[in-house]
Amino acid sequence: MENKLEAVGLYCERDDRHLFRDLSFVVAPGEWVQIAGGNGAGKTTLLRMLTGIIRPDRGEVRWQTQPLSRSRERLHTDLLWIGHQPGIKTSLTALQNLAFFHPDSTVSQRLAALGQVGLAGFEEVPVVTLSAGQQRNVAMARLWLTCAALWILDEPFTAIDVVGVARLTHRMAQHVTAGGRIVMTTHQPLLDLTLPVRMVSLTGGEQK
Ligand SMILES: Nc1ncnc2c1ncn2[C@@H]1O[C@H](COP(=O)(O)OP(=O)(O)OP(=O)(O)O)[C@@H](O)[C@H]1O
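For every chain, the first residue of the written sequence is number 1, and numbering continues from 1 along that sequence. Per-residue local features are limited, in this predicted model, to residues with pLDDT of at least 70; the limit for side-chain atom pairs, both in listing and counting, is 80 or more; totals at the level of whole chains, interfaces and linings are taken over all residues. Hydrogens and water molecules were not included; the side-chain quantities draw on all heavy atoms of the structure.

**Focus on the overall build of the protein chain**
So, step 1. Here a helix means four or more residues in a row that DSSP labels H or I, a strand means two or more in a row labelled E, and each is numbered from the N terminus. In terms of regular secondary structure, the protein chain is built from six helices and ten strands.
So, step 2. The C-alpha radius of gyration computed for the protein chain amounts to 17 Å, which stays within 12% of the reference 17 Å derived for 208 residues, consistent with globular compactness.
So, step 3. Buried positions account for 49% of the 208 residues belonging to the protein chain.
So, step 4. When charges are counted, Lys and Arg are positive and Asp and Glu negative, with His and the chain ends excluded. A charge is said to be at NZ when it belongs to Lys, at CZ for Arg, at CG for Asp and at CD for Glu. On the protein chain, the mean spot of the 21 positive side-chain charges and the mean spot of the 19 negative ones are 3 Å from each other. The quantity called the radius of gyration is restricted to C-alpha atoms. Its globule counterpart is 2.2 Å times the number of residues to the power 0.38. Each residue gets one of three labels from its accessible area relative to the maximum for its type: buried under 20%, exposed over 50%, partly exposed in between, using a 1.4 Å probe on protein chains only.

Pasting the structure below:
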């Protein structure tokens, strides 16, 4: 089976504007796609459509050649989605959050993942007491625990320092090199990459 994500003729209208029309692209194994565009261009809206959280006004999203209406369950098994609000529970500790999202992982794998994002020593304090960047890093530690083939990441680098961005970028490159797929947004340039990143540019649409 063709293990790819397809956006086919997507159309989205918001506030009397076409955010995008007839937008089509494919994300095949080993491909890394960056959705580019200014504030309000529709990047988050597009990512949410790709995950099936919202439906396009026209067109469809396909996973493994099947429309999401028929492949939603399979997609959710194959997908790691980290949105703008990363879904971390702030009353829990970093370790407890990772146990919640990845119950099949071992404690030592969770500790190693937190070490990868610079959170060694912060594993057992409530996330609410961590800084904004540290909280974001709790979510990003999931990149070291997931087995998902498709990563959809909305602004993964927000609030993260230069060293952290380099570590995350390296981890993403590993995933793509191993045949994974990434669709992401970022307002920061992706630096020091030896892999190609394909851009899908949104212009913010036009008034209807
Ligand atoms: N549920 C909604 N109802 C109405 N309008 C919406 C909704 N969600 C998004 N919009 C509008 O759609 C446009 C695109 O929003 P979106 O969040 O997709 O932009 P973005 O490209 O991710 O922006 P940013 O870079 O600022 O995060 C904005 O003008 C926003 O106000």
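That covers the picture; the talk isn't over yet.
**A look at the sheet that holds strand 3 (residues 32-36)**
So, step 1. In this analysis, strands are considered paired if DSSP registers two or more bridges between them. With parallel pairing, five strands are arranged side by side in an open sheet as 6-7-8-3-9. Among the strands making up the open sheet, the edge pair consists of strand 6 (79-82) and strand 9 (198-201). Averaged over all pairs of adjacent strands, the angle between strand axes in this sheet comes to 15°, irrespective of strand direction.
So, step 2. Examined bridge by bridge, strand 6 and strand 7 (residues 150-154) share four bridges and lie parallel to one another. Across the sheet, the residue bridging to Trp 81 is Ile 152, located in strand 7.
So, step 3. Where helix 2 (residues 68-78) meets the sheet, it contacts strand 6 and strand 7, and its direction lies at approximately 75° from that of strand 6. Simply put, an axis is a line fit to the C-alpha atoms, just over the touching stretch for a helix, and the angle between two N-to-C directions goes from 0 to 180 degrees. The criterion used for residue contact is that any of the two residues' heavy atoms lie within 4.5 Å.

**Overview of the nonpolar core**
So, step 1. What makes a nonpolar core is a set of buried Ala, Val, Leu, Ile, Met, Phe, Trp, Tyr and Cys residues whose side-chain atoms join them at distances within 4.5 Å. Core analysis: the largest hydrophobic core is formed by 32 residues, its most contacted members being Leu 143, Leu 153 and Met 172.
So, step 2. At the level of secondary structure, the elements contributing two or more residues to this core comprise strand 6, helix 3 (94-101), helix 4 (107-116), helix 5 (132-140), strand 7, helix 6 (162-177) and strand 8 (181-185).
So, step 3. Sort the elements by how many residues they give to this core and helix 6 lands first, with five residues.
So, step 4. If near-sequence neighbours (up to four positions away) are discounted, Leu 143 is found in contact with Leu 80, Ile 82, Trp 151, Leu 153, Leu 168, Arg 171 and Met 172.
So, step 5. Within the second largest apolar cluster, 27 residues are counted, among which are Leu 19, Val 27, Leu 150 and Ile 152.

**Thoughts on the packing of helix 3 against helix 4**
So, step 1. Packing of helix 3 against helix 4 brings their axes to within 10 Å, and their N-to-C directions diverge by 120°. Taken together, the axes of helix 3 and helix 4 lie oblique to each other. Between helix 3 and helix 4 lies a crossing whose hand is right-handed. Contacts between helix 3 and helix 4 involve Ala 94, Leu 95, Leu 98 and Ala 99 from the first element and Arg 110, Leu 111, Ala 113 and Leu 114 from the second. Each angle gets one of four labels, with under 35 degrees taken as roughly parallel, over 145 as roughly antiparallel, 65 to 115 as roughly perpendicular, and the rest as oblique. Rotating anticlockwise by less than a right angle from the far helix to the near helix defines a left-handed crossing, while the corresponding clockwise rotation defines a right-handed one.

**Some details on helix 6**
So, step 1. Spanning 16 residues, helix 6 covers 22 Å between terminal C-alpha atoms, matching the ideal 22 Å at 1.5 Å per step.
So, step 2. Where the residues of helix 6 are buried, they touch strand 3, helix 5, strand 7 and strand 8. In a helix, the anticipated span is given by 1.5 Å times the number of residues less one.

**Considerations on the site of the ligand**
So, step 1. The near set for a molecule or strand comprises every residue that places at least one heavy atom within 4 Å of it. For the ligand, the set of nearby residues contains 13 residues, the closest of which are Gly 40, Gly 42, Lys 43, Thr 45 and His 187.
So, step 2. Between the ligand and the protein, one listed contact pairs an oxygen atom with a side-chain N or O atom of Arg 17 at 3.2 Å.
So, step 3. Identification of polar contacts relies on pairs of N or O atoms within 3.5 Å, with a donor-acceptor requirement for protein atoms, meaning one able to donate a hydrogen and the other able to accept it, and with residues adjacent in sequence counted only if both atoms are side-chain atoms. In this structure, an oxygen atom belonging to the ligand sits 2.6 Å away from a side-chain N or O atom of Lys 43.
So, step 4. When the ligand sits alone it has 640 Å² of accessible area, and the protein chains cover 59% of it.
So, step 5. Elements with a minimum of two residues in the shell around the ligand: strand 2 (17-27) and helix 1 (43-51).
So, step 6. Ranked by residues supplied to the shell around the ligand, first place goes to helix 1 with three residues.
So, step 7. Residue polarity is assigned by list, with Asp, Glu, Lys and Arg as charged and Ala, Val, Leu, Ile, Met, Phe, Trp, Tyr, Cys and Pro as nonpolar; anything else, Gly included, falls into the polar class. Along the lines of polarity and charge, the residues of the shell around the ligand split into two nonpolar, seven polar and four charged. Throughout, the Shrake-Rupley method with a 1.4 Å probe supplies accessible areas, and for residues the shown protein chains are the sole cover considered.

**Some remarks on the pairing of strand 3**
So, step 1. Across the five residues of strand 3, five count as buried, placing the element largely inside the fold.
So, step 2. The alternating pattern of strand 3 places Trp 32, Gln 34 and Ala 36 on one face and Val 33 and Ile 35 on the opposite face, and all of these are buried.
So, step 3. Bridge count between strand 3 and strand 9: four bridges; the pairing is parallel. When the sheet's bridge partners are listed, Gln 34 is paired in strand 9 with Met 199.

**Section: helix 2**
So, step 1. Along helix 2, the residues that are buried comprise Leu 68, Ser 71, Leu 75 and Asp 78. Angular distribution of buried residues about the axis of helix 2 spans 85°; they occupy a single face of the element. In helix 2, those exposed residues whose orientation departs by more than 90 degrees from the buried face are Glu 73 and Thr 77. Regarding the arc, it is the one traced by the directions from the helix axis to the C-beta atoms.

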